[in-house]
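# Architecture and fold: a report
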Amino acid sequence: MEGELTRDILMGLPLPVLLIDSSYSVLALNDPARELFGAEAQGMNAVTLLRQAAVLAAMDAAIRDGQDGNARFIHSGISGEITYMFRAHPVASNGGAVLSFEDRSLFEDSELIRRDFIANISHELRTPLTSLRGFIETLRTTARDDPEARERFLQIMEDEAQRMSRMVADLLSLSRVEADERVRPRDEVDLAAVLRSAIATLEGKLKNANVKIAATGINDEALVPGDRDQLIQLFLNLIENAIKYGGSDRTIHVEVQKVPRDPTLRKAAWRVDVRDEGEGIDPIHLPRLTERFYRIDDDRSRQKGGTGLGLAIVKHIVNRHRGRLKITSEQGIGSCFSSIFPAE
Ligand SMILES: Nc1ncnc2c1ncn2[C@@H]1O[C@H](COP(=O)(O)OP(=O)(O)O)[C@@H](O)[C@H]1O
Ligand SMILES: [Mg+2]
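Criteria and cut-off values
Residues numbered from 1 in each chain as written. Chains lettered and ligands numbered in written order. Predicted model: local features only at pLDDT ≥ 70, side-chain atom pairs only at ≥ 80, totals over all residues. Heavy atoms only, no water. Pairing = 2+ DSSP bridges. Helix = DSSP H or I, 4+ residues; strand = E, 2+ residues; numbered from the N terminus. Axes fitted to C-alpha atoms, helices over the stretch in contact; angles between N-to-C directions. Contact = heavy atoms within 4.5 Å. Expected span 1.5 Å × (residues − 1). Buried < 20%, exposed > 50% of the residue type's maximum accessible area, 1.4 Å probe, protein only.

### Digging into the pairing of strand 2 (residues 26-29)
- Of the strand pairs in this sheet, strand 1 (residues 17-20) and strand 2 are connected by 3 bridges, and their pairing is antiparallel. Note on strand 2: the bridge partner recorded for isoleucine 20 is valine 26.
- Where strand 1 hands over to strand 2, the hairpin turn is made up of 5 residues, of which tyrosine 24 adopts a positive phi near 70°.

Have a look at this one:
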């Protein structure tokens, strides 16, 4: 049983695996198990080694009842706690068991993120829904015969409904961008043309806010491998933010420039700056801005019809293009969102 073949098979397994006999002594362990428990685990009693009730019960199931036992095993190492799926499988020939440990922490982390995300969405949708229901109630009762109030409430209701539609649209586009994040875009796209088109689309909003765009370098070709629609969406999101948070009657500076060698991408790149003259962003917020639903000022974002998803979408689009997003801001002077794309 402790022959060469067994040992070779153990060593070929990527998971930590221990082989124990009917008195729970560790007969053999592979390298991943040695990394987990140390070389001194060889010959030790598995009960002393593992010492977690559920795990011991699972081992008993294998050794006493000849049945597979499963349990969660939590290992505290230098880099924190790791949760393993522990399995004890009976070995008939020696009355012992094979013990294996499958790292579940990555899976459990993404489960957690998924649950958080769903909780966030529910919360985000509940707010406008509550307000809509409140206004419906008011329209039925107190505002029933007040045409002026009715008009005002209907306007708010329309804004809220529109914000909900935008949220659903943003969620869909976020999931679409995430879905093909691993697929490298292949088309050759001219960033300058993309910017001209994004600016043209926003003409109405720019006019309403009395904001001007000062653009540099958007008349010469700036070719990158890209996805045209996604790039347009990226710049729409950035410029819309600059309009919303940069303040009325100001200027937004859009600049395209070639970078001979980007230090992080380690290659030639095109860099597009969208810079506003707003009040700027406190540095403590910068690392979290691209998180879904992260807003510096909830009320202000909601008032402006924001969803808190714009920059998360931007980040994913930049990632898909193997580029990087750099955000700098000086309080009282303005913020600059730079999207940097590999030139080939
Ligand atoms: N140009 C900017 N200046 C100041 N704050 C900004 C700017 N762009 C984004 N932000 C902040 O980042 C947050 C997240 O932006 P975003 O994901 O686009 O969501 P939204 O615009 O829907 O609120 C905004 O709520 C705002 O607080
Ligand atoms: Mg936005």
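There is more to say after this.
### Quick notes on the sheet that holds strand 9 (residues 251-262)
- Strands sit in the order 7-9-10-12-11 across an open sheet of 5 strands; the sheet is mixed. Only two strands of the sheet have a single partner each, and these edge strands are strand 7 (212-216) and strand 11 (324-330). This sheet shows a mean twist of 20° between the axes of neighbouring strands, independent of strand direction.
- As judged from the 8 bridges shared by strand 9 and strand 10 (residues 267-275), these two strands associate in the antiparallel manner. For lysine 258, the partnering residue across the bridge sits in strand 10 and is tryptophan 270.
- Contacting strand 7, strand 9, strand 10 and strand 12 (334-342), helix 7 (residues 191-201) crosses the sheet at an angle of about 15° to strand 10.

### Some details on helix 6 (residues 147-179)
- Between its first and last C-alpha, helix 6 extends 48 Å over 33 residues, near the 48 Å set by a 1.5 Å rise per residue.
- For helix 6, the complete set of buried residues consists of Ala149, Phe153, Met157, Glu160, Arg163, Met164, Met167, Asp170, Leu171, Ser173, Leu174 and Val177.
- On its buried face, helix 6 is in contact with helix 5 (105-140), helix 9 (228-246), helix 10 (298-303) and helix 11 (310-320).

Don't take any of this as a statement about function, it's just geometry.
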